[in-house]
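The primary structure of each chain is shown beneath.
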Amino acid sequence: AQSVTQLDSHVSVSEGTPVLLRCNYSSSYSPSLFWYVQHPNKGLQLLLKYTSAATLVKGINGFEAEFKKSETSFHLTKPSAHMSDAAEYFCVVIAAPGSARQLTFGSGTQLTVLP
Amino acid sequence: DAGVIQSPRHEVTEMGQEVTLRCKPISGHDYLFWYRQTMMRGLELLIYFNNNVPIDDSGMPEDRFSAKMPNASFSTLKIQPSEPRDSAVYFCASSLNGGSNQPQHFGDGTRLSIL
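Chains are numbered independently. Their residues run from 1 in the order of the written sequence. Chain A is the first chain written and ligand 1 is the first ligand written, with later ones labelled in order. Under the rules for a predicted model, residues below a pLDDT of 70 receive no local features and side-chain atom pairs below 80 are neither given nor counted, while totals for whole chains, interfaces and linings still include all residues. Neither water nor hydrogens contribute to the side-chain values; these are computed over all heavy atoms in the structure.

Novice: When you look at the overall build of chain A in this model, what are you seeing that I'm missing?
Specialist: A count of helices and strands for chain A gives 0 helices and 12 strands. Runs of H or I in DSSP of at least four residues are treated as helices and runs of E of at least two as strands, each being numbered from the N terminus. Secondary structure elements in chain A, listed N-terminal to C-terminal, are β-β-β-β-β-β-β-β-β-β-β-β. Relative to the 2.2 N^0.38 estimate, which gives 13 Å for 115 residues, the radius of gyration of chain A is 14 Å and therefore close to what a compact globule would have. When accessible area is computed with a 1.4 Å probe and restricted to protein chains, residues below 20% of their type maximum are described as buried, those above 50% as exposed, and intermediate ones as partly exposed. A total of 115 residues make up chain A; the buried ones form 44% of that total. Sequence separation of at least 24 residues holds for 57% of the intrachain contacts in chain A that already meet a minimum separation of 6. For chain A, the accessible surface area stands at approximately 5400 Å², while carbon and sulfur atoms represent 52% of it. In this tally, Asp and Glu contribute negative charge and Lys and Arg positive charge; neither His nor the terminal groups of the chain are included. The atom standing in for a charge is NZ when the residue is Lys, CZ when it is Arg, CG when it is Asp and CD when it is Glu. The distance from the centre of the 8 positive side-chain charges to the centre of the 7 negative ones in chain A is 9 Å. This radius of gyration counts C-alpha atoms alone. The globule rule is 2.2 Å times how many residues there are, raised to the power 0.38. For this analysis, residues touch if any pair of their heavy atoms sits within 4.5 Å. All accessible-area figures derive from a Shrake-Rupley calculation using a 1.4 Å probe, and residue coverage is judged against the displayed protein chains alone.

Novice: I keep staring at the layout of surface pockets and nothing clicks. Help me out?
Specialist: Take a probe with the size of a water molecule and roll it over the atoms, and the empty space left behind shows itself. Of the voids in this model, the largest pocket is the one considered here, and its volume is about 660 Å³. Around the largest pocket sit 31 residues that line it, and A:Gln38, A:Glu88, B:Gln37, B:Thr38 and B:Met39 are the ones nearest its centre. Counting only elements with at least two residues in the lining of the largest pocket, the list comes to strand S10 (87–94) of chain A together with strand S4 (31–38), strand S9 (88–95) and strand S11 (110–114) of chain B. Examining the composition of the lining of the largest pocket, we find that 4 residues originate from one element, S11(B), more than from any other. Side-chain classes follow a simple rule in which Ala, Val, Leu, Ile, Met, Phe, Trp, Tyr, Cys and Pro form the nonpolar group, Asp, Glu, Lys and Arg form the charged group, and the remainder, Gly included, forms the polar group. A class-by-class count of the residues in the lining of the largest pocket yields 9 nonpolar, 16 polar and 6 charged. Whether a set of points on the 1 Å grid over the protein atoms alone is a cavity depends on a 1.4 Å probe fitting there but being unable to get out, while an open set qualifies as a pocket with protein on both sides within 12 Å along at least five of seven lines; lining residues are those with an atom within 4 Å of a point. Grid points are joined across faces, edges and corners, and a volume is the space filled by probe spheres set on the points. Roughly 160 Å³ of internal volume is contained in the second largest pocket. For the second largest pocket, the full set of lining residues is A:Tyr36, A:Val37, A:His39, A:Lys42, A:Gly43, A:Leu44, A:Gln45, A:Leu46, B:Gln104, B:His105, B:Phe106 and B:Asp108.

Novice: Would you mind going over the nonpolar core with me for this structure?
Specialist: In summary, soluble globular proteins display a tendency toward joint burial of nonpolar side chains. Only buried Ala, Val, Leu, Ile, Met, Phe, Trp, Tyr and Cys residues count toward a nonpolar core, and they belong to the same one when joined by side-chain atoms within 4.5 Å. Core analysis: the largest hydrophobic core is formed by 26 residues, its most contacted members being A:Trp35, A:Leu48, A:Phe74, A:Leu76 and A:Tyr89. When residues in this core are grouped by element, the largest group, 4 residues, is from S10(A). Residues B:Ile26, B:Ile47, B:Phe49 and B:Tyr90 belong to the second largest nonpolar core, which totals 21 residues.

Novice: What exactly am I supposed to notice about the pairing of strand S5 (residues 42–50) of chain B here?
Specialist: Looking along a regular strand, one sees the side chains alternate between the two faces of the sheet. All names here are of chain B. Burial analysis of S5 places 7 of its 9 residues in the buried class, which makes it a mostly covered element. Relative to S5, S4 runs antiparallel, the two sharing 8 bridges. From the neighbouring strand, Arg36 faces S5, where its bridge partner is Glu44. Two strands qualify as a pair provided DSSP detects at least 2 bridges between them. What sits between the antiparallel neighbours S4 and S5 is a turn of 3 residues.

Novice: I tried to follow the state of the cysteines on my own but got confused; where do I start?
Specialist: Think of a disulfide as a covalent bridge from one cysteine sulfur atom to another cysteine sulfur atom. All names here are of chain A. A pair of cysteine sulfur atoms is labelled a disulfide when the two atoms are within 2.5 Å. As enumerated under the stated definition, the model contains 2 disulfides over all chains in all. Between Cys23 and Cys91 runs a disulfide, and the two sulfur atoms are separated by 2.0 Å. The sign of the -70° torsion about the S-S bond sets the Cys23-Cys91 disulfide as left-handed. You can see Cys23 sitting in strand S4 (residues 23–27) and its partner Cys91 sitting in strand S10, a full 68 residues away along the chain.

Novice: Teacher, can you tell me more about the pattern of salt bridges here?
Specialist: Note that side chains of opposite charge can pair when their charged atoms are close. Salt bridge, as applied in this entry: a Lys or Arg side-chain nitrogen positioned within 4 Å of an Asp or Glu carboxyl oxygen. For the structure on display, the rule yields 13 salt bridges over all chains. Across the pair A:Glu64 and A:Lys58 runs a salt bridge, and its minimum N-O distance is 2.8 Å.

Novice: Help me understand the pairing of strand S7 (residues 65–71) of chain B, please; the structure alone is not making it clear to me.
Specialist: Residue and element names in this part refer to chain B. By the bridge criterion, 5 bridges tie S7 to strand S8 (residues 74–79) in an arrangement that is antiparallel. Residue pairing for S8: Phe65 is matched across the bridge by Ile79. In this antiparallel pair of consecutive strands, S7 and S8, the connection spans 2 residues.

Novice: Please explain the packing of aromatic side chains as it appears in this structure.
Specialist: For any two aromatic rings, the description comes down to two numbers: the centre-to-centre distance and the angle of the planes. Residues and elements named next belong to chain A. Two rings from Phe, Tyr or Trp (for Trp, the six-membered ring) form a pair when their centres are within 6.5 Å of each other. A pair whose planes differ by under 30 degrees is stacked, one over 60 is edge-to-face, and the rest are tilted. One pass over the structure, following the stated rule, counts 14 aromatic pairs over all chains. Judged by centre distance (6.3 Å) and plane angle (50°), the rings of Tyr50 and Phe74 are tilted. Taken together, the positions of Tyr50 in strand S6 (residues 44–50) and Phe74 in strand S9 (residues 73–78) put the pair 24 residues apart, joining distant regions of the chain. Residue Tyr50 shares its accessibility class with Phe74, and that shared class is buried.

Following this line, the structure appears as structure tokens:
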């Protein structure tokens, strides 16, 4: 069984300040983890992925995430928020090797960026 | 590169009418997924295909829903008859293969409103 918990449903930051979106997972297998972003009226866009290589993963638009097995976490960070980062962010886990079906979405975190 | 293409982007129709949603996956991708997104339930996997063959349709809510993939470049999701509770955003996604390290690439979705 696998699950993913996004600890904050809403996060609000000021433009130019750091962003932290928190994600915890549970899995019976070594997981692959993804962060997706969804802008209004758009589909989900892949930000970054972790697949058992380097634990610090760099993605698009200046985002990065660190896989911490001991904490079962995969938090998303960005040093300086931009207005265009305002969107909903989903943490996703795939835990069963070779199984496309075993993809679990978090409930999402809505990021607001204040001017 | 062309991403996943969905049509129509918006559909408004009356209860009882047949609705057909269309999807063109990324060329070369073996897997195709249909999702539904609502505020109440988040993202739900409805069905997925591998090499045009339906693999798991356990997420299809009821017999009013059907999906086909007649060839590698086209899939449809049909609702007949439609009901107001079917109102949601429907996403199509594709992936290169079913491996746990392969992300899914999403279309921009079809926003469906059943009156």
